[in-house]
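Chain by chain, the residues:
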Amino acid sequence: GDFIMGKDYLTSVKQYGKIEWDDEDDLIKQLINAAQDTLEAAGIPRDTDKDLYRLAVQRLAMHYYENREEIGGSSVMPMGMNWMIEHLRLGDGV
């Protein structure tokens, strides 16, 4: 799925994070990419078409957004993220 990187993900991440302005769209797209890279590094392919994958991307992207000054300093994952990654890895994400 090419739909994963497009406006579709941008819209859903902004809705998830309650971001109503457009002036940070490029930054948010980068953070979506970083979230997908993180999941890919954990063994989850980018084209995973599961709601749990979408939620994991949304949570990670918003985590990076909310902690953007600290990137590189702290590697703490959002609560529940390890559980999501494990379930996606096992293939039983909804």
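Residues numbered from 1 in each chain as written. Predicted model: local features only at pLDDT ≥ 70, side-chain atom pairs only at ≥ 80, totals over all residues. Heavy atoms only, no water.

**Q** What should I look at first to understand unusual backbone geometry in this one?
**A** Both trends apply: most residues other than glycine have a negative phi, and most peptide bonds are in trans. At K18, a position not held by glycine, the phi torsion is positive, near 55°. Note that K18 resides in the loop between α1 (7-16) and α2 (25-41). Relative accessible area serves as the criterion here: at 68%, K18 is assigned to the exposed category. (Helix = DSSP H or I, 4+ residues; strand = E, 2+ residues; numbered from the N terminus. Buried < 20%, exposed > 50% of the residue type's maximum accessible area, 1.4 Å probe, protein only.)

**Q** Whenever I open this one, the packing of helix α3 (residues 51-66) against helix α4 (residues 81-90) confuses me. Can you help?
**A** Relative orientation and spacing of two packed helices are given, respectively, by the angle between their axes and the distance between those axes. The contact between α3 and α4 brings their axes to 10 Å, and the two run at 150°. Crossing hand, α3 versus α4: left-handed. Of the residues in α4, those touching α3 at L52, Y53, L55, A56, R59 and L60 are M81, W83, M84, H87 and L88. Here the contact of α3 with α4 is built from residues that sort into nine nonpolar, one polar and one charged. (Axes fitted to C-alpha atoms, helices over the stretch in contact; angles between N-to-C directions. Left-handed = near helix turned anticlockwise from the far one by under 90°. Contact = heavy atoms within 4.5 Å. Nonpolar A, V, L, I, M, F, W, Y, C, P; charged D, E, K, R; others polar.)

**Q** I'm lost on α2 in this one. Help?
**A** Because the α-helix completes a turn every 3.6 residues, residues three or four places apart line up on one side. The end-to-end C-alpha distance of α2, which contains 17 residues, comes to 24 Å, matching closely the 24 Å that a straight helix rising 1.5 Å per residue would cover. Along α2, the residues that are buried comprise D25, I28, L31, I32, A35, Q36 and L39. End-on, the buried residues of α2 take up no more than an arc of 140°, which puts them together on one face. Facing away from the buried side of α2 by over 90 degrees, the exposed positions are D26, Q30 and A41. (Expected span 1.5 Å × (residues − 1). Arc of directions from axis to C-beta.)

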